[in-house]
Amino acid sequence: MTGPRTEPTTRSGIPLKTSYEAVDVSDRMLERPGEYPFTRGRLTRPGAAAGGWIHRELSGEGGPAQSNRQLHYLLEHGQAGLDVIGDGPTQSMLDADHPLCRHSVGTQGVSLCRLSDYAGLFAGIPLDQVSISSSVPAAFALTGLIHAAEQAEMPLGRLRGSVLQPPLYANDAAYDSFMPISLASRLSVDTIAFCAEHLPKFHSYVEDTYFFSEGGLSAIEELALGFVQIRHLVGQTLARGIPIDSFASRIALLVNCSMDFFEEIAKIRAARRLFATMMRTDYGATDPRSLSLNVTSHTSGLTLTAEQPINNVVRGTVQGLALALAGVQAMEISAFDEGFRTPSPEAHVVGLRTQQIIEKESGVTRSSDPLGGSHLVESLTDEIESRVLAMVHEIESLGDPIELAERGHFRQIFTNAAVRYQHQVESGELQIVGKNCYRMSDEDDRLLRDIAETKIEPDRDRIAEIAAFRKSRSNDDVVRQLRVVLASVGDPEANLIPAVLDAGNAGATMGEIAGAMRQAHGHPFDPLGYLKSPL
């Protein structure tokens, strides 16, 4: 006897048939690329070919000078855009010389503490020609880029790039910034409002579903939580009196791309449709650019293994191909040494070359939305859209998103997903080649390990550099501007970005500015209890 038959499903649990026919899809198959609701892509003119995308690889290591060399290296190898990630202390809004940071400075990204660090990071980079994206706390990434542009005498209106806005989820699913969620949300809206006035080409709001989906969320959960946050921040921005068409076109979505090939393609198509419908129906946007979502993606680091790292090159290729077929505007392929470290130079080039081969040699960019009309893909797109909307409405029915975050509602979702994923791997329900099937002995599993296992040492010189900087600056000027930050946080009508920029120009560090903001909310200046407030 055999056991009960198990029907196949996608990673999100959507049942799959053995074959699909026209009866399985809606009449949405009549949609055309470049037209509302942009399921089939956001082309600038109907009938145009899909073309390429911005090639990026995540970068950042050590201090600004070391990372600057890395950026130039990538540009020399054909990269068209830059994406900088901060190290652990930077992501947590702590300075390199904080007593608890010394063992992690520069090991998981670049250490950025001062505005001058950004000028060093981007030295020699043509800021008006290269899109600069930053996985760094948005207010500091933005003011740092502004400072670098001013040092290069570059008009702000010519800057292109983006910053991430994760106020609801960062403390639960990434590095804890120790910021009250209401303050983090305000900083996000302040950034959007400031850019709408001063940086018209800059994407002031990237909804980053990648970082929280990497804990094991399904494609449905990933998009649903992303749209909950989009709706929250759009609502908060509109409440400031800022018209929807003045900022909606500068919203982008950074999605994860896992190994479920067709589901990931359908997820991206559904996201474009959901965004366009929401902007028109719920918020009254009329500018076509406000309806056409810019989608970028990282391939999934979670899917990459420390076992048999050569297999990760294949995984990155499969995921990169899915993104190309889905028609994303930018792409990053996670490095084959992801299971060990931030990308080595060799892994950077492999990720970049993978993108270039897909674009230049495979022919998949010669037609827009080449899988449009596939009964399977269209059916999955409809099903994902329906399930995401249902989850968004369910979450919003529970109350204000800030209050839900403060009560730990989203943390529980992330915890459940992580436990579920771990169970799937341990039980073999989710088969991962080299990890829980087709394993190799340690003696045989040596290919690429000499590169992947190269250690990154903490940047001790960076710690001394920041400590010396504190002694060389005018502390009176620093305290004066930190008091302005303190007062600005207490003024609900004030936009905090100018105060952050002025404090940075006076020599205040990121940790000090963030500490002043925390104090204004009645929280400790140093959330870890080691430093005294200068205020």
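This text follows the structure it describes.
Undergrad: What should I look at first to understand helix α11 (residues 311–326) in this one?
TA: Given 3.6 residues per turn, any residue in an α-helix points the same way as the ones three and four places further on. End to end, α11 covers 23 Å across 16 residues, agreeing with the expected 22 Å (1.5 Å per residue, within 8%). All of the buried residues in α11 are Asn311, Asn312, Arg315, Gly316, Gln319, Gly320, Ala322, Leu323, Ala324, Leu325 and Ala326. Structurally, α11 contributes buried residues whose contacts are with β7 (251–257), α9 (261–281), β8 (294–299), β9 (330–332) and α12 (345–361). The first or second residue beyond α11 is Gly327, which carries a positive phi of 80°.

Undergrad: What am I meant to see in the pairing of strand β3 (residues 81–85) here?
TA: Side-chain direction in a regular strand flips from residue to residue, so the side chains alternate between the two faces of the sheet. A large share of β3 lies buried, amounting to five of its five residues. Across the two faces of β3 the burial is the same, with Gly81, Asp83 and Ile85 and Leu82 and Val84 all buried. Here strand β2 (residues 58–59) pairs with β3 via two bridges, running parallel. Residue Ser59 lies in a different strand from β3, and its bridge partner there is Val84. A crossover connection joins β2 to the parallel β3 through helix α1 (residues 64–76); in handedness this β-α-β unit is right-handed. As paired elements, β3 and strand β4 (residues 131–135) share five bridges and run parallel to each other. Within β4, the residue paired with Val84 across the bridge is Ser134.

Undergrad: Got a minute to help me understand the packing of helix α8 (residues 219–239) against helix α13 (residues 375–396) in this structure?
TA: Each packed pair of helices is defined by two parameters, the angle between the axes and the distance between the axes. Axis separation between α8 and α13 bottoms out at 8 Å; the angle between their running directions is 50°. The angle between α8 and α13 places the two elements in the oblique class. The two elements α8 and α13 meet at a crossing, and its hand is right-handed. Within the contact between the two elements, α8 uses Ile220, Glu221, Leu223, Ala224, Leu225, Phe227, Val228 and Arg231 and α13 uses Ile384, Arg387, Val388, Met391, Val392, Ile395 and Glu396. Of the residues in the contact of α8 with α13, the class split is 11 nonpolar, no polar and four charged.

Undergrad: Help me understand the sheet that holds β8 in this model?
TA: Strand-to-strand pairing in sheets goes through backbone hydrogen bonds, with the strands running parallel or antiparallel. The nine strands lie next to each other as β1-β9-β8-β7-β6-β5-β4-β3-β2, forming an open sheet whose pairing is parallel. If you trace the sheet from one side to the other, it starts and ends with β1 (54–56) and β2, each paired once. Of the strand pairs in this sheet, β4 and strand β5 (residues 161–164) are connected by three bridges, and their pairing is parallel. Of the residues in β5, the one forming a bridge with Ser133 is Ser162. Across the sheet, α12 touches β1, β2 and β9, and the angle it forms with β1 is around 160°.

Undergrad: How should I be thinking about the packing of aromatic side chains in this particular structure?
TA: Counted under the stated rule, the structure contains six aromatic pairs. With a centroid separation of 4.9 Å and an interplanar angle of 70°, the aromatic rings of Tyr169 and Phe212 are classed as edge-to-face. Within this pair, whereas Tyr169 is found in the loop between β5 and α5 (170–173), its partner Phe212 is found in helix α7 (residues 210–213), the two being separated by 43 residues in sequence. For Phe212, a relative accessible area of 2% corresponds to the buried category. Measuring from ring centre to ring centre gives 5.3 Å for Phe261 and Phe262, while their planes differ by 90°; the resulting arrangement is edge-to-face. For Phe262, a relative accessible area of 34% puts it in the partly exposed group. Three or more aromatic residues link up through ring pairs in this structure, and these residues are Tyr169, Phe211, Phe212, Phe410 and Phe414. Above the plane of the ring of Phe469 lies Arg114, whose end atom (NZ or CZ) is 4.8 Å from the centre. Directly above the ring of Tyr36 sits Arg280, whose terminal nitrogen or CZ lies 3.6 Å from the centroid.

Undergrad: Any chance you could explain the nonpolar core here in plain terms?
TA: Note that soluble globular proteins tend to have their nonpolar side chains buried in a common cluster. Among the nonpolar cores identified, the biggest contains 70 residues, and Tyr169, Leu225, Phe227, Met279 and Phe410 are the most heavily contacted of them. No other element matches α9, which puts 10 residues into this core. Discounting chain neighbours no more than four positions away, the residues touching Leu225 are Tyr169, Phe212, Leu217, Ile395, Phe410, Ile413 and Phe414. If you look at the next biggest cluster of nonpolar residues, it comprises 50 residues, including Ala139, Leu187, Val485 and Met510.

Undergrad: Looking at this structure, I do not really get a nonpolar patch on the surface. What am I missing?
TA: On the surface, a cluster of nonpolar side chains totalling about 310 Å² of accessible area is made up of Leu100, Tyr530 and Leu531. Mapped onto the elements of the fold, Tyr530 is located in the segment after α20 (510–520).

Undergrad: I'm lost on the packing of helix α4 (residues 138–151) against helix α19 (residues 496–505) in this one. Help?
TA: Where α4 contacts α19, the two axes come as close as 10 Å, and the packing angle between them is 60°. When the axes of α4 and α19 are compared, the pair comes out oblique. Remark: the crossing between α4 and α19 carries right-handed chirality. Across the interface between the two elements, Ala139, Phe140, Leu142, Thr143, Ile146 and His147 of α4 pack against Ile497, Val500, Leu501 and Asn505 of α19. The residue inventory of the contact of α4 with α19, partitioned by class, reads seven nonpolar, three polar and no charged.

Conventions used here
Residues numbered from 1 in each chain as written. Predicted model: local features only at pLDDT ≥ 70, side-chain atom pairs only at ≥ 80, totals over all residues. Heavy atoms only, no water. Helix = DSSP H or I, 4+ residues; strand = E, 2+ residues; numbered from the N terminus. Expected span 1.5 Å × (residues − 1). Buried < 20%, exposed > 50% of the residue type's maximum accessible area, 1.4 Å probe, protein only. Contact = heavy atoms within 4.5 Å. Pairing = 2+ DSSP bridges. Right-handed = clockwise from strand over helix to strand, strands pointing away. Axes fitted to C-alpha atoms, helices over the stretch in contact; angles between N-to-C directions. Parallel < 35°, antiparallel > 145°, perpendicular 65-115°, else oblique. Left-handed = near helix turned anticlockwise from the far one by under 90°. Nonpolar A, V, L, I, M, F, W, Y, C, P; charged D, E, K, R; others polar. Phe/Tyr/Trp six-rings, centres within 6.5 Å; stacked < 30°, edge-to-face > 60°. Lys NZ or Arg CZ within 6 Å of the ring centre and 35° of its normal. Core = buried A, V, L, I, M, F, W, Y, C linked by side-chain atoms within 4.5 Å. Patch = residues over 30% accessible without salt bridge, like charges linked within 9 Å, V, L, I, M, F, W, Y side chains within 5 Å. Areas by Shrake-Rupley, 256 points an atom, 1.4 Å probe, with all protein chains shown as cover. Salt bridge = Lys/Arg side-chain N within 4 Å of Asp/Glu carboxyl O.

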